[in-house]
Each structure stands twice: as C-alpha cells, then as structure tokens.
Amino acid sequence: MSARRPLVAGNWKMHKTVGEALGLVNSLLALLPGEPTEPLETEIVVCPPFTALWPCAQRLAHDARVRLGAQDVFWETEGAYTGAVSPRMLADAGCAYVIVGHSERRAIFRETDEEAARKAAAAAKEGLHVIFCVGETLEERDADRTREVVARQLAALWAALPAPPGGGAAPGLSVAYEPVWAIGTGRAARPEDAAEVAGWIRESAAAAWGRAAAEALRVLYGGSVSPENAAPFLQRPELDGALVGGKSLDARAFAAIVAAARDDELQGRAARA
Ligand code: PGA
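It should be emphasised that the depicted structure is a prediction, and the values quoted were computed from it without experimental measurement.

## A short note on the site of the ligand
Neighbouring residues of the ligand: 13 residues in total, closest K13, H102, E178, G184 and S224. Between the ligand and S224 there is a distance of 2.7 Å, counted from an oxygen atom to a backbone nitrogen or oxygen. Between an oxygen atom of the ligand and a main-chain N or O atom of G246, the distance comes to 2.8 Å. The protein chains hide 95% of the 280 Å² of surface that the ligand would expose on its own. For the shell around the ligand, a count of residues per class yields 4 nonpolar, 7 polar and 2 charged.

Here it is in structure tokens:
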C-alpha cells in the first residue's frame, strides 16, 4: 500500500473579500464530516487571496480538518520588492501550503520555469508545502509535446530543490498536473491521460531523486474538476488528489469533491495494494 495521503486543494484565485472568504470557510467547515479536533484522512487545503489569509488562519486555527495555503510567493525574505510577499510572511500569516507555478502565473505574469522553481525552493526552505503546477497548452498537446513540456518544467524544479535526505520522501512537495486547456474550461482531461502524465512526473522524480522519493511524491490532477467528474481521477492509483479552481468557490461542490476522495479511501484504494 502506498503511504501517500490524498490532498484536495482549493485555489480561490482572485475571488473573495475578507468577509466573503470567512463565509466560505465557515460554510465548508459546516459541510465536512468528522470533528474539528481531528484531521480527516484527506488533507484539505484552501488558498484564498493574500488579503484574506490572516483572518482565515484565525478561523482555521480552531479546526484541524482544513489547512491554509497561498496562491503565489516571492523567493526573497524581505527587501525592496514592491508588491511581493515572502515565504516567511506566508508562514507567519498562518499558511502551511503555497501553490507555485500556476499556469496563470506563467501565462499572464510571464513567470519562467526558473522563477517558478526558485519560488518553490524558497518556500520549501521556509517549511511551506509546495504545490508545484505543471502542464501543457492546447497547442503543445496537439503537437504531441506534453511529456517534453512537463519534463522541462520539472527539470527546473529538480535543479532548484535540494534532494530529500537519504533518498527518502520529499514531504514538502506535491506536483499538480494541470493541462492549461482544461483550466476553467469545463473540459477536464481524461482520467487515463492524467494518470499517464502522473506516471511521467513520477519517472522524472525518480531520475532526479531516486525511486523511494518518487513513490512518496504526491501527484494531483487539476483542470475543471467537479463533483460530477472527481471520483474517476481520485480513484486512479497514480493520482493522489485534486487542485480545484472554480468549484472550490462553492462550499457544497468542494465538500462533494472531498467526499469523493474519502469514498475512494474507504474502498481501500485497491489498485495501490
Ligand atoms: P478550474 O481551475 O478547476 O477552475 O479548472 C483549476 C486551477 O486553476 O487550479
């Protein structure tokens, strides 16, 4: 059995004022199973905009089921970097996670592979769990370049991050495979295609860090995940969870996606045995 714990993360993008964010957190907590004192088997993370992080952290301090993440970070600790937020500031504001290299950062803000990798390394050094996004555009997919693009994005990451000690697990990293053409389009990838890319991601990790570290690495799928389509992704043994955009803004839909992950666990994740 794999020891990989499922992770479902919600990327709220540029949505929600402070009041709205607290409302969404409260609605989500009311819908989750279990007790606030006990973490669920599935790790659940919400990633509000920077302005809502601290108030959400204060609310989530009283609930062990949901953890807090940011959507981006800069690599320096402090200094004259107008508009930037450092890993230390995120940790101080209550974040345990950070999304790095999202395709919107890469496409709209022109972030390069090297910059994304540098951010990931700085965040990991601060003790934040990095959810590192990779994925191809439609053009790249049509040109049959998915594997090459993902390999290039990961090569920058492996070059920037120190290998886990003793060839063991990399506890502070998950990789999210998010095909750009599937993000926000309502057109998710096929679970079998996402699973194939997850296999490539794990091969790349094995080549960089060795087999044990690769087997411990969580690979998520992201791109138009919904309550209707989540289960087939979460049931693939190659996939360890989901990064959810649009549907994470709806507490009921996000809770239903989390429930799909839990059902999968209850079924014993048979394919992993
Ligand atoms: P989506 O976004 O679920 O709205 O497609 C996913 C993401 O951008 O992480």
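## Description of the sheet that holds strand β1 (residues 7-11)
One closed barrel holds the 8 strands; their spatial order is β1-β2-β3-β4-β5-β6-β7-β8, and the pairing between them is parallel. Put simply, the sheet's adjacent strands are angled 25° from each other on average, direction ignored. Across 4 bridges, the pairing between strand β6 (residues 173-177) and strand β7 (residues 218-222) is parallel. Looking at the pairing, V175 lines up with V219 of β7.

## A closer look at the packing of aromatic side chains
All chains considered together, the criterion is met by 5 aromatic pairs. Within the aromatic cluster, the residues linked to one another by ring pairs are F74, W75 and Y81.

## Considerations on unusual backbone geometry
The backbone phi angle of K13 is positive, close to 55°, even though this residue is not glycine. Position of K13 among the secondary structure elements: in the loop between β1 and α1 (18-31). Despite not being glycine, S224 shows a phi value in the positive range, around 60°. When its relative accessible area of 19% is taken as the criterion, S224 is described as buried.

## Describing the pairing of β7
For β7, the buried fraction is high: 5 of the 5 residues fall into the buried class. Residues R218, L220 and G222 point to one face of β7 and V219 and Y221 to the other, with burial holding for every one of them. The sheet contact formed by β7 and strand β8 (residues 241-244) spans 2 bridges and is parallel. Note on β8: the bridge partner recorded for G222 is L243.

## Some remarks on the packing of helix α5 (residues 113-125) against helix α7 (residues 146-160)
For the pair α5 and α7, the least separation of the axes is 8 Å and the interaxial angle reads 40°. In terms of orientation, α5 and α7 fall into the oblique class. Helix-helix and strand crossings are classified by hand; for α5 and α7 the assignment is right-handed. On the side of α5, the interface is formed by D113, E114, A117, R118, A120 and A121, while α7 contributes R152, Q153, A156, L157 and A160. Grouping the constituent residues of the contact of α5 with α7 by class yields 6 nonpolar, 1 polar and 4 charged.

## Details of the packing of α7 against helix α8 (residues 191-209)
Between α7 and α8, the shortest axis-to-axis distance is 10 Å and the interhelical angle comes to 35°. For the crossing formed where α7 meets α8, the hand is right-handed. Two secondary-structure elements touch here, α7 through T146, R147, V150, L154 and W158 and α8 through V197, W200, I201, S204, A205, A208 and W209.

## Here we look at α5
For α5, spanning 13 residues, the distance from its first C-alpha to its last is 18 Å, which sits close to the expected 18 Å at 1.5 Å a residue. Taken residue by residue, α5 has D113, A116, A117, K119, A120, A121, A122 and A123 as its buried positions. Check the buried side of α5 and you find it contacts α3 (87-92), β4 (97-100), α4 (103-108), β5 (129-134) and α7. Of the residues one or two after α5, G127 is the one with positive phi, at around 95°.

Analysis parameters
- Residues numbered from 1 in each chain as written.
- Predicted model: local features only at pLDDT ≥ 70, side-chain atom pairs only at ≥ 80, totals over all residues.
- Heavy atoms only, no water.
- Near = heavy atom within 4 Å.
- Polar contact = N/O pair within 3.5 Å; in protein donor to acceptor, adjacent residues only side chain to side chain.
- Areas by Shrake-Rupley, 256 points an atom, 1.4 Å probe, with all protein chains shown as cover.
- Nonpolar A, V, L, I, M, F, W, Y, C, P; charged D, E, K, R; others polar.
- Pairing = 2+ DSSP bridges.
- Helix = DSSP H or I, 4+ residues; strand = E, 2+ residues; numbered from the N terminus.
- Axes fitted to C-alpha atoms, helices over the stretch in contact; angles between N-to-C directions.
- Phe/Tyr/Trp six-rings, centres within 6.5 Å; stacked < 30°, edge-to-face > 60°.
- Buried < 20%, exposed > 50% of the residue type's maximum accessible area, 1.4 Å probe, protein only.
- Parallel < 35°, antiparallel > 145°, perpendicular 65-115°, else oblique.
- Left-handed = near helix turned anticlockwise from the far one by under 90°.
- Contact = heavy atoms within 4.5 Å.
- Expected span 1.5 Å × (residues − 1).

Just geometry here; none of it tells us what the structure is for.
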